[in-house]
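# A structural walkthrough
This is what each chain is made of:
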Amino acid sequence: MHFTGDSLSHSLMPGHDPWLVVLAILVAVLASYVAFNLGQRIRVARGEARLLWLAGGAVAMGGGIWSMHFIAMLALHLPVDIAYDLRLTLLSLLIAALATGAGFTVATLGQAASGAAARPAPVPPLPLLAGGLCLGLGIAGMHYVGMAAILAPGRIVYDPVVLALSVLIALVTATAALHLALSDIGHVRRILAALVMGAAITGMHFIGMAAARFVPDPAVHAGTAGIPVPPTILAGLIAAAAIVVFALALIAIRLDRRISELQAQRQLAVLDERHAATLNALPMPLALIDERGVILTANPPWQWPGERERFVGGGSGPGEDYFALCAAAGPAGAEVRVHLAGVVQGIRPAASVEYPMGGTGGRTIRLLAAPIAEGRAAGAVVAHLDITAERVAEQRMREAMRTVEAADNAKTTFLAHMSHELRTPLNAILGFSELIRDAHLGPLPERYRGYAEDIHRSGQHLLALVNDVLDLSRVESGRLELQPEPVDLASDIQDAVSLVAQRAEAHGIIIEQRVARDLPLLDADPLRLRQILINLLTNAVKFTPDGGRVTIDAVAVARSVRVTVADTGIGMTEQEIALALEPFRQARKLSRRPREGSGLGLPLAKALVESHGGMLMIDSEPEVGTRITLMLPAGGDAAPDGDGAAMANERAGGGVFEPPPLSIGRPVSRRR
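The sections below set out a description of the structure shown in this document. Please read all numbers here as calculations on a predicted model, not as lab measurements.

Another point: the overall build of the protein. The helix and strand tally for the protein stands at 19 helices and 19 strands. Counting over 672 residues, the protein shows a buried share of 42%. Here the analysis covers contacts within the protein between residues at least 6 apart in sequence; of these, 72% occur between residues at least 24 apart. Surface summary for the protein: the accessible area is close to 34,700 Å², and the carbon and sulfur share equals 62%.

Now the structure itself:
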C-alpha cells in the first residue's frame, strides 16, 4: 500500500513480517484442507445432517479465509498506527461464511435432490460454475469490506485493472476449491490440493492489496466512527478462533466418519445375518466358493453327510477345496469343475449345466453357478438341483405325445377308409333312390315315391355328415390342403343365400343382405369359403323362430373383410357358446321345430376360418339373438366390379351400403 500526496509519495509498505505471512498461508492451507474434508461429508449427507454440514463448511472455510485475510493484513509493517472498525470486520466475516455456504449449496443442489447413493455422481459443470460464482464474489466482497474496515489517516483508492484481476483470481480459485472439495480424491492428493489452494487464496489476497493506494487525509481518520481494536489483540483473537474452528471441524469429521463406519459395520452384520438365514432356509444345496475353489460357506442341505452321493461335492463344508472334490468325483466332477472354473474366472456365462449321478438309471442333477463379481475372478455361488422327476415327466410327456400322434394317425386312416367304404354304397343308394323318385322306369304309386324321397334325403344327410367329419379331421391334423385364389365375396354370399332361401321362406324368415360396394377380393379357397357361409346361414335359419330375421353383411376394415351373420333366434349363454364350438354338440334342443344336424357346422366353420388366417367371434344373448363375426384377411387385389355386386344384391332385394354395427333387439353383453 502507498499513501500518495499532491507532490510527495510516502510508502507505508516497507515490508511484511515473514512469520505472519507464513501463518497466513498456513491458515489458508488448513482452511482448504478442512473444506475438502467437509465437502466429502456434504456430498453424502442428506436431510438435516446435510444442513448441519453445510453450516459447518460455511463457518470453517469462510472463517478460515477471513482469518488468513486479517493475519496477512497484520503482517504489514506500517509507519503509522491503524485500527479496524469492529462492525465492518464482523460484516466481512459474515460475508465469507454466507458466501461459502451459498457456494456449497448451489454446487450440490442436484445431488441433494437425487437422494442417497452409495457413490455420489460428479458435480455437473453448471451448478459447479454457479457455486464458484457465489463463493468467488463472496471472497472478493469479504476482502474489500475488510479493507474498508481499516481506520487510517487517509482514504483508499484502487487500480481498476488490478482490482478486476483480483476478483477474477477469486472466482477461478473459488470454483477450483469447490471442484476439489466435492471430488472423490485420496488423502495424499487432498493434502497437495490444500497446499496449492492455500497458496492461491493467499496470492489473491496480496494481489487485492496491491490494487489499493491511500491518499493522505488526516480529517478522514479523525471523523471516522467505529470501535477501534488494537492489531495485536485482533491478531490473537483471529488466531485463536481459527485454531478452535479448524480443530472442531476436524474432530467432527473424524467422529462422523467413525459413526458412519460403525453404522456400515452394523448394517453389514445385519445383512450377513439375513443372508445366512436365507441361505440356511433354502431347501436346495447351495454354497459360496472363492476364486481358488475353497468353500467359504454352505447351507445345511449341502453339508448333510447323506448328500455325498446325491451331487458332486455333497457333504463337504467350509474350508474344503471344492475343485479337488470335483477332480475326485469322476467324469461328472470333471464336467462340474471345468464349468465352475470358467464361471469363477469370468470366461463362461452364468448358465446351468446338467450332469448324471449314479450311472445309467441314476439321477440327473442341474448345476447352477453365478459369479460373485462380473468380469473378474472373485468366486461364485453354486447350487445343485435334482431334476430327475422333471426329466422323467418330460419323457412320459414325449411318450404320451407319440401315443396321441399315433392315435390321431390311426383315426385319420380309419376315417379315410370308412369314408371310401361309406361313399361307395351311398352313391348307389342316392342314385337308385333318385331313379325311383323321378319314376324313370315307369309310374309308381305316390306312396312309394315319397319313400324314395325320404331315402334320398337321408342319404344326402349322411353323405354331408361324412364329408364334414373328414374335413374337421383334416383341419385338426393339419392335413387340409387349401386352394386359394382371388374370390369375389359378394358373389359367394349371394350363392349361399340362394341355397338357404327356400328353407327360410318356408318358415317366414327374412334374409337381408348388406354388402358394401368396395369389398376387395379375398385370397381364399372358394369351395371352403362357400362352405363357411352356408354353414353359418344354415345355423342362423335353423335356430330362428318362424317370422324372424337373418342378416348378413360384409364390409372392408383396414386390411381385412368383416362378415357378420346375425339372427333374431334363441341365442346362447356363455356356457352354451363353448358347448356349440365342440364337435357333435349343440347348444340346446328346442321343441317348436325339429332341427336336424350333427353339431359339426359351427366347429367346422371356425376351423376353416382359422385355417385361412382369420378369426371367428360370437356375440349372443338368450331370447335376443346371435351374431357371428368373421375377420378374413384381404387378398390385396383390385376390388370387384361395384355394378356387378350391386346387381346381385338388388336381385336379392338387399341394399348396398356401408353397414353400421348390427344391433339385435338390445346390446348383447356376452362375448366369446
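Counted at 1.5 Å a residue, the expected span for helix H6 (residues 160-181) with its 22 residues is 32 Å, and the 31 Å between its end C-alpha atoms agrees. Inspection of H6 places Ser166, Val167, Ala170, Thr173, Ala174, Thr175, Ala177, Leu178 and Ala181 among the buried residues, and these make up the whole buried set. By the N-cap criterion, in which a side-chain oxygen at the helix start approaches the backbone nitrogen of a residue two or three places on, H6 is capped by Asp159, the distance to Val161 being 3.1 Å.

Once that is clear, we can look at the sheet that holds strand S19 (residues 625-633). Taken in spatial order, the five strands of this open sheet run S14-S16-S17-S19-S18, and their pairing is mixed. A strand with exactly one partner marks an edge of an open sheet, and here the two such strands are strand S14 (510-515) and strand S18 (615-621). Averaged over all pairs of adjacent strands, the angle between their axes in this sheet comes to 10°, without regard to strand direction. Bridging between S14 and strand S16 (residues 549-557) involves six bridges; their strand directions are parallel. Opposite Gln513, over in S16, you have Ile552 as the bridge partner.

The end-to-end C-alpha distance of helix H3 (residues 86-107), which contains 22 residues, comes to 32 Å, matching closely the 32 Å that a straight helix rising 1.5 Å per residue would cover. Buried within H3 we find Thr89, Ser92, Ala96, Ala97, Ala99, Thr100, Gly101, Gly103, Phe104 and Ala107. The distance from a side-chain oxygen at the start of H3 to the backbone nitrogen of Arg87 is 2.9 Å, and the residue carrying that oxygen is Asp85.

All right, on to the pattern of salt bridges then. With the rule as written, the count across this model stands at 15 salt bridges. Measuring nitrogen to oxygen at the nearest pair gives 3.3 Å for the salt bridge that ties Asp386 to Arg310. Taken as a pair, Asp386 in strand S12 (residues 380-386) and Arg310 in the loop between helix H10 (300-303) and helix H11 (322-327) lie far apart in primary sequence, 76 residues in all. Under the relative-accessibility criterion, Asp386 is labelled partly exposed at 38%. Among the residues examined, Arg310 registers a relative accessible area of 35% and is labelled partly exposed. For the salt bridge of Glu512 with Arg549, the shortest nitrogen-to-oxygen distance reads 3.1 Å. Separated by 37 residues along the polypeptide, Glu512 in strand S14 and Arg549 in strand S16 bring together distant segments of the chain. On the basis of relative accessibility, which here comes to 36%, the residue Arg549 falls in the partly exposed class.

Take the sheet that holds strand S10 (residues 353-357) next. Strands sit in the order S9-S8-S12-S11-S10 across an open sheet of five strands; the sheet is antiparallel. Single-partner strands in this sheet number two, and they are strand S9 (295-298) and S10. When the angles between neighbouring strand axes are averaged without regard to direction, this sheet yields 25°. As defined by bridge partners, strand S8 (residues 286-289) adjoins S9 across three bridges and the pair is classed as antiparallel. Along S9, the bridge assignment pairs Ile289 with Ile295.

Our next topic: the packing of aromatic side chains. In the structure shown here, the tally under the stated rule is two aromatic pairs. Judged by centre distance (5.2 Å) and plane angle (65°), the ring pair of Trp302 and Phe311 falls under edge-to-face. Judged by relative accessible area, which is 3%, Phe311 ranks as buried. Here the aromatic rings of Trp302 and Tyr322 are separated by 5.4 Å at their centres, their planes lie at 50°, and the arrangement is tilted. Of the two residues, Trp302 is situated in helix H10 and Tyr322 in helix H11; the sequence distance between them amounts to 20 residues.

Bringing the nonpolar core into the picture now. One finds Met61, Ile65, Met68, Tyr84, Phe104 and Ile139 to be the most contacted residues of the largest nonpolar core, which totals 46 residues. Elements with a contribution of two residues or more to this core: helix H1 (18-44), helix H2 (48-74), H3, helix H5 (125-148), H6 and helix H7 (187-210). Per element, the largest residue contribution to this core is twelve residues, and it comes from H2. Those residues in contact with Met61 that sit more than four places away from it in its chain are Ala35, Thr100, Phe104, Leu135 and Ala177. Core analysis: the second largest hydrophobic core is formed by 44 residues, Leu480, Val500, Leu537 and Ile552 among them.

Relative to the helices and strands, Arg391 is located in helix H13 (residues 388-437). Here Arg391 falls in the partly exposed class, since its relative accessible area comes to 23%. With sequence-adjacent residues up to four places away left out, Arg391 is seen in contact with Glu354, Thr364 and Arg366. Of the polar contacts made by the side chain of Arg391, one reaches the side chain of Glu354; its length is 2.2 Å.

With that settled, consider a nonpolar patch on the surface. Judged by side-chain polarity, Val188, Ile191, Leu192 and Leu195 come together as a nonpolar surface patch covering roughly 360 Å² of accessible area. With respect to the secondary-structure elements, Leu192 resides in helix H7.

Definitions and cut-offs
Residues numbered from 1 in each chain as written. Predicted model: local features only at pLDDT ≥ 70, side-chain atom pairs only at ≥ 80, totals over all residues. Heavy atoms only, no water. Helix = DSSP H or I, 4+ residues; strand = E, 2+ residues; numbered from the N terminus. Buried < 20%, exposed > 50% of the residue type's maximum accessible area, 1.4 Å probe, protein only. Contact = heavy atoms within 4.5 Å. Areas by Shrake-Rupley, 256 points an atom, 1.4 Å probe, with all protein chains shown as cover. Expected span 1.5 Å × (residues − 1). Polar contact = N/O pair within 3.5 Å; in protein donor to acceptor, adjacent residues only side chain to side chain. Pairing = 2+ DSSP bridges. Axes fitted to C-alpha atoms, helices over the stretch in contact; angles between N-to-C directions. Salt bridge = Lys/Arg side-chain N within 4 Å of Asp/Glu carboxyl O. Phe/Tyr/Trp six-rings, centres within 6.5 Å; stacked < 30°, edge-to-face > 60°. Core = buried A, V, L, I, M, F, W, Y, C linked by side-chain atoms within 4.5 Å. Patch = residues over 30% accessible without salt bridge, like charges linked within 9 Å, V, L, I, M, F, W, Y side chains within 5 Å.

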